[in-house]
Each structure stands twice: as C-alpha cells, then as structure tokens.
Amino acid sequence: MSKQLYEIGDQPPLGEVPEKMHAWVVREERFGDPVKAFQKEVVDVPAIADDEVLVYVMAAGINYNNVWAGLGVPVNVIKTRNKQGEPEDFHIGGSDASGIVYKTGKDVTKWKVGDEVVIHCGMWDRNCPDVASGQDPMYSPSFRIWGYESNYGSFAQFTKVQDHQCVKRPQHLSWEESAAYMLVGATAYRMLMSWGEHQVQKNDVVLVWGGAGGLGSMAIQIARAKGGIPVAVVSSDDKIDYCKQLGAKGAINRGQFKHWGMLPHWKDTVGYNEWLKGVRGFGKAIWDVLGEKRSPRIVFEHPGETTIPSSIFVCETGGMVVICAGTTGYNATVDLRYLWMRQKRLQGSHFANDEQAQGFNELVLSGEVDPCMSKAVVYDELPQVHQLMHENKHPHGNMSVLIGAAGFGQGIHRPDRRRGVATTPTHDDWDGARGIPDVMQDDDAQSMSAVTKNVTVGDVMHQGLISCRLDTPVGEVSKTLVDEHIHAVIVLDANERPIGIVSQTDIVMASQAKTRTELLTVLAKDVMTQGCITCDVSSSLSDAIALMVRSKIHRMVVVDKMGSGQKAVGLISMTDILARYVVGK
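As the structure is a prediction and not an experimental result, all values here were calculated from the model.

Asks: Tell me about the overall build of the chain, and please be specific about residues and values.
Replies: What the chain contains, in helices and strands, is 21 helices and 25 strands. A compact globule built from 585 residues should have a C-alpha radius of gyration of about 25 Å, and the chain, at 26 Å, falls within 12% of that. Taken along the three principal axes of its C-alpha coordinates, the chain extends 80 × 60 × 55 Å. The 585 residues of the chain split such that 52% are buried.

The structure is reproduced here in structure tokens:
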C-alpha cells in the first residue's frame, strides 16, 4: 500500500504518486521578507491536464521572481490568479527545476515515466489562436512564467508542467547543477540568437553587462560558443578573471567611471559634456580590452536606467542594444541623435520559446556552456537564500536548492563529459548557509542586532518633516531649501501621502532652459523626482536599516497607515541610528 506522504529526501517508487507533498508555501497574510513569507506546509499533489506531466523535483533553481512573489509586489500573484479563476489561496514558487517524470497526461507522447528532465519556465495555452497558428508563443496573451505567474512551481516535491517545457537533462551534471541554468540561460539565448541580422556572428564584439552574474555568465559563454568576442562589465576587479575563464576577452570595472545614470538634458551643456567625457572614456576602455578600435555590435543589457545611455552610445553603427530587465530602474533616457543617425536598434526581449530553450540546452548538453552554479543549499534553507538575494548579499552566478535529491553531487552519470573546472558546490564554505548576515558586521554586531530587533522606527525617527504640495511654486520650494539648509523637500498629495522629492539638483536642472522669472512660476509637480521610498512607523529598526542599505539611501520617509492609505509623519536616517547606537545620544 502506497504512503500518503513521503518525507523530504525519501523518493517514492518510480511512478507512485502520493496524495500529499511537502512544499514551501507563500500566503497573502505572510507577504514580506522571504524568511517570513516562505513557510513549510503539506498540500495536495496537483492533478495534471492532458498536455501536462507531473515531475518529481530533485532540485530547484533560485531566481528573483519569487522574492517578488514573497513580497507581494509589484504584483500579488495569488490575487491575480484568483481573478483568473484559479481557486488556490496560496503560491508555490520556483521557475527552474531538474527532476524525474512520474506521470503523464493522455496527450503526452514525447515523455514517459522515468525520464530525467530540466524544465523551462515558459508556458502558454496550446489552444490560443496565436499559438495554434504557429506564431511565437512568447507574444501570446496566454504566455505565463511557470512558478511565478502560475502555481505549483518547483519549491515542492512534485510540480506540474506542460510537456513542451521539458528538455533532456545533461547526464554530466548533478541534480542541483541541472536546476540552476535554464531561466537565465534561455533568456540570454533569445537575446543573443533570435533577432534576425543581430544574432551573434563570428567575430562580433558583444558587450555583456554584469558578466559575473547569472545572466552575464550565460551570455559570455553563448557569445563565445557562437564565435563572438565577449567583453564583460563588472563591479569589481576580483570578478575579471572569472569572466575571462568563461570566455570573455577581458572585463571593465564600472567603478572606474562616474557618468552612470540618466542622461543629462541636451540643453544642459555643462552636464552633457561631462557625461560625454565619461562615456567616451568607457568606450575607450572597450577598445583597450580588444586591442583595436572596434565597438560592440551587440550590447547585452539588463541594468536599464543607469546604463542604457552609455549602451546606446558605445554600440556600433547598425548594431543592437537588447534588454531583458531594468534592475537599476525603468526610466531609461536615450540621445535619439545617436539612435537614428547611426541606425541602432533598441530591442526588448523576454524569456524564450521552446526552440530557443532547446537551442540553449544543446549548448549545455555539448559542454559548451557551464551552469555557473555558485552555491547550492538544502531544502530547509530555501527562505534564507531568497532573503540573501533580496538583500543583494548572494554570491555571483546561479544558485539552487535540493528538493528530492538526498545529497549534493548526485545524478552525475557521465563524469567523463564534465569540464575541467569542477562545479559541484562546497556547501560548508558559505556563511549565508548558516543564516542571514547582520546589516552591520563588527564586534558589536550581535548586540546591535539584538537591540534593533526590539526597537521600532517610531522610537528613533524625527517627528514631522519639511514638505511641499504638488502646486507649490518652485520659488517657495527654493526659499525653503535655502532657509532650512536642506538638500530636498518631500512632495505630499492632498491626503498627506509622500509621492516624490524636489531636490536642489531638480531645480538647478530645470533652470537650464528657463529665465529666473519663468522658473519661479514653475510648480513642484513639474520638476519633482517621482516616487518615494518609505517605511511604516511600526516597522522594526532592523528592517528599516536593511531597506536603506538595499536601496543605497541615507534617509527615508516614515508613514503611518490611516485606513486604506498612509500619511507621512517623519523621517528616519542613518544619522539617527548612529547617534543612538554608536555615539550614544
């Protein structure tokens, strides 16, 4: 008689599907930091449709999309699915996996029970007219990311997927390595190999942002495998050798340049010329790596707001900047003169279709691309590794978590095909596996952490704040900044909610194209920087510190929930925290 539930690491007999399964589950009432949002639960094993397969998950990949799912922002994935008619009031995430087929739907012919597979995260309705007509399913309104926009992802013992999502598992890789590469790899493959004349060709220079990261490490290897010349951009010199080992010609430390950010207005002669000096220096650094004056025909983009101006500028005439994300922000600025006169292409790209996922997997099967798995963790540590990613403290490369596999390094059936550099993870050498690091690492970190966990923002914050309204004239705002000796004021709406900031820089930039008389009549809403990072007055001080560190800011607005809205009530700054806990005031 079969068991109703098997424990983690206790694999059911092949093809035997129990009624229940262990899973890491997110629910609306727990939305927040991953260490709180993800909780262990026992749930029913899902039923499968005619075109689906049930896979016993051996290992799962870790991606930022399920940090978002746990936070509940920018989308409440549970409520969104409920509106679409799905009944479950929970979310089981996970958009990368390796595993074994345990059950197939009646229309499935490609896979059978016992097949070892890697799963890609692109899913769609096979009956959608766009899909049925042979169009790229990535453009179908039915397209979804499995394990984020759909339920029953890989953070459970069993997952259900559409049969086309499965590809052959590389037999020279472990289960955890096999789970680490597909989402970022297939995304990078579509970016570099699917845009007609702008797919990578022999001797193409390919500039890769974030070369040591999950996406960048895949892009370098794909470009190299297709005959291109990858040049990486990294955040520190210690990542340069790593990128070279992957196949990059060389790498540029972006910390050597200061021109990053949104493009100065073209009428701001001083600011624009300063930016031009910086971006030309960046272009020369590319030439220095290559040893010749050649510009990239393809720029592999994902930072977005801070880098797009430079990417467009350094891209070769007739070349392409292809982007799949906006990790530094979404309001990218472009000098259109360089775009149209040099006939450059700015191309958006999102995940991959079956053909592209299969094309990338072939490179892994042949050994031309390594998964670049930096670390793997055991099942119990899944929330912690998401927390590290949320706080940007995770290692570069790709990460995975064991689900059904009983230990690290299992599943390698063809060790003779492995590359020279071993990629099996060393679990014990990662401090993150033992818990979330404190924000302030010093001799007093333990006592500091203990205090801040019991102190709220309201205990330390400055009551009240200097603010203005949307319709406040810039002349009045300027007088306030000068009289109060401050750099910026908070912009409030009619309900006292913080909606933006007017800084000295905002006003000076606006003055470049106006007379003094004209400037004094401009309103705050016309020059403000939209958006305002806030924290609740009842939040723990440790959470506020973590948010400021992640956002790279010195202070933020404190709000108090008022019914369905919130009202600005003060400010919290690093200075306040230093004064209380370091200086002792």
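Asks: Account for the packing of helix H6 (residues 182-193) against helix H12 (residues 354-365), with residues named and values stated.
Replies: Here H6 crosses H12 at 110 degrees, and the two axes come no closer than 9 Å. One way to sum up the angle between H6 and H12 is to call them roughly perpendicular. Where H6 abuts H12, its residues Met182, Gly185, Ala186, Tyr189 and Arg190 lie against Gln356, Ala357, Gly359, Phe360, Asn361 and Leu363. The residue inventory of the contact of H6 with H12, partitioned by class, reads 6 nonpolar, 4 polar and 1 charged.

Asks: Can you explain the sheet that holds strand E19 (residues 467-469)? Please cite residues and give values.
Replies: Hydrogen bonds along the backbone pair up the strands of a sheet, which may run parallel or antiparallel. Taken together, 4 strands build an open sheet; the order of strands is E19-E20-E21-E22 and the sheet is mixed. Both edges of this open sheet fall to E19 and strand E22 (529-530), since each of them pairs with a single strand only. Examined bridge by bridge, strand E20 (residues 488-492) and strand E21 (residues 498-503) share 5 bridges and lie antiparallel to one another. Bridging from a neighbouring strand, Ile490 pairs with Ile501 of E21. Where helix H16 (residues 474-484) meets the sheet, it contacts E19, E20 and E21, and its direction lies at approximately 135 degrees from that of E20. Set on the sheet, helix H17 (residues 504-511) makes contact with E21 and E22; between it and E21 the angle comes to about 65 degrees.

Asks: Please give an account of the packing of aromatic side chains that cites residues and values.
Replies: The geometry of an aromatic ring pair is captured by two quantities: the separation of the ring centres and the angle between the planes. Applying the stated criterion to the full structure yields 17 aromatic pairs. With a centroid separation of 6.4 Å and an interplanar angle of 25 degrees, the aromatic rings of Trp124 and Phe143 are classed as stacked. One end of the pair, Trp124, is in the loop between strand E6 (122-123) and helix H4 (129-132); the other, Phe143, is in the loop between H4 and strand E7 (144-145), with 19 residues separating them in the sequence. Aromatic rings pair up to connect Trp209, Phe257, Trp260 and Phe282 into one cluster. Geometry around Trp175 places Arg169 over its ring, the cationic atom sitting 4.0 Å from the centre.

Asks: Tell me about the pairing of strand E3 (residues 52-62), residues and numbers included.
Replies: Buried residues dominate E3, accounting for 11 of its 11 residues. The sheet contact formed by E3 and strand E8 (residues 158-162) spans 5 bridges and is antiparallel. Within E8, the residue paired with Val53 across the bridge is Val161. Pairing between E3 and strand E4 (residues 97-104): 7 bridges, direction antiparallel. Among the inter-strand pairings, Val55 is bridged to a residue of E4, identified as Val101. Pairing between E3 and strand E17 (residues 398-402): 4 bridges, direction antiparallel. Note that in E17 the partner of Ala60 across the bridge is Val401.

Asks: Which residues make up the environment of Gly99, and what values go with them?
Replies: Looking at the element boundaries, Gly99 is found in strand E4. Judged by its relative accessible area of 0%, Gly99 is buried. Sequence-wise, Gly99 and Lys168 are 69 residues apart; in three dimensions their C-alpha atoms are separated by 10 Å. In this view, Gly99 contacts Val55, Tyr56, Val57, Met58, Asp115, Glu116, Val117 and Trp175; residues no more than four positions away in its chain are not counted.

Asks: Describe the pattern of salt bridges, and please don't skip the residues or the numbers.
Replies: Counting across every chain of the model gives 24 salt bridges. With its nearest N and O atoms 2.5 Å apart, the salt bridge here joins Asp380 to Lys40. Of the two residues, Asp380 sits in the loop between strand E16 (373-377) and helix H13 (382-390) while Lys40 sits in strand E2 (residues 39-44), which places them 340 residues apart along the sequence. Take Lys40: its relative accessible area is 48%, and that puts it in the partly exposed class. Two residues, Glu292 and Arg294, come together in a salt bridge whose shortest N-O distance is 3.8 Å. The class of Glu292 is partly exposed, set by a relative accessible area of 39%. Residues joined by salt bridges that share partners form a network here, namely Asp50, Asp51, Lys106, Asp107 and Arg126.

Asks: Quick rundown of the sheet that holds strand E13 (residues 298-301)? Include the residues and the values.
Replies: Taken in spatial order, the 6 strands of this open sheet run E12-E11-E10-E13-E14-E15, and their pairing is parallel. Here the strands that pair on one side only, and so sit at the sheet edges, are strand E12 (250-253) and strand E15 (345-348). Sheet twist, expressed as the mean angle between neighbouring strand axes with direction ignored, is 20 degrees. In this structure, strand E10 (residues 205-209) lies alongside E13, joined through 3 bridges in parallel fashion. Across the sheet, residue Val208 finds its bridge partner in E13, namely Phe300. The strands touched by H6 within the sheet are E10, E13 and strand E14 (320-323), with E13 carrying the most contacts at an inclination of about 155 degrees. Contacting E10, strand E11 (229-234) and E12, helix H9 (residues 269-290) crosses the sheet at an angle of about 155 degrees to E12.

Quick notes on the rules
Residues numbered from 1 in each chain as written. Predicted model: local features only at pLDDT ≥ 70, side-chain atom pairs only at ≥ 80, totals over all residues. Heavy atoms only, no water. Helix = DSSP H or I, 4+ residues; strand = E, 2+ residues; numbered from the N terminus. Rg over C-alpha atoms; globule rule 2.2 N^0.38 Å. Buried < 20%, exposed > 50% of the residue type's maximum accessible area, 1.4 Å probe, protein only. Axes fitted to C-alpha atoms, helices over the stretch in contact; angles between N-to-C directions. Parallel < 35°, antiparallel > 145°, perpendicular 65-115°, else oblique. Contact = heavy atoms within 4.5 Å. Nonpolar A, V, L, I, M, F, W, Y, C, P; charged D, E, K, R; others polar. Pairing = 2+ DSSP bridges. Phe/Tyr/Trp six-rings, centres within 6.5 Å; stacked < 30°, edge-to-face > 60°. Lys NZ or Arg CZ within 6 Å of the ring centre and 35° of its normal. Salt bridge = Lys/Arg side-chain N within 4 Å of Asp/Glu carboxyl O.

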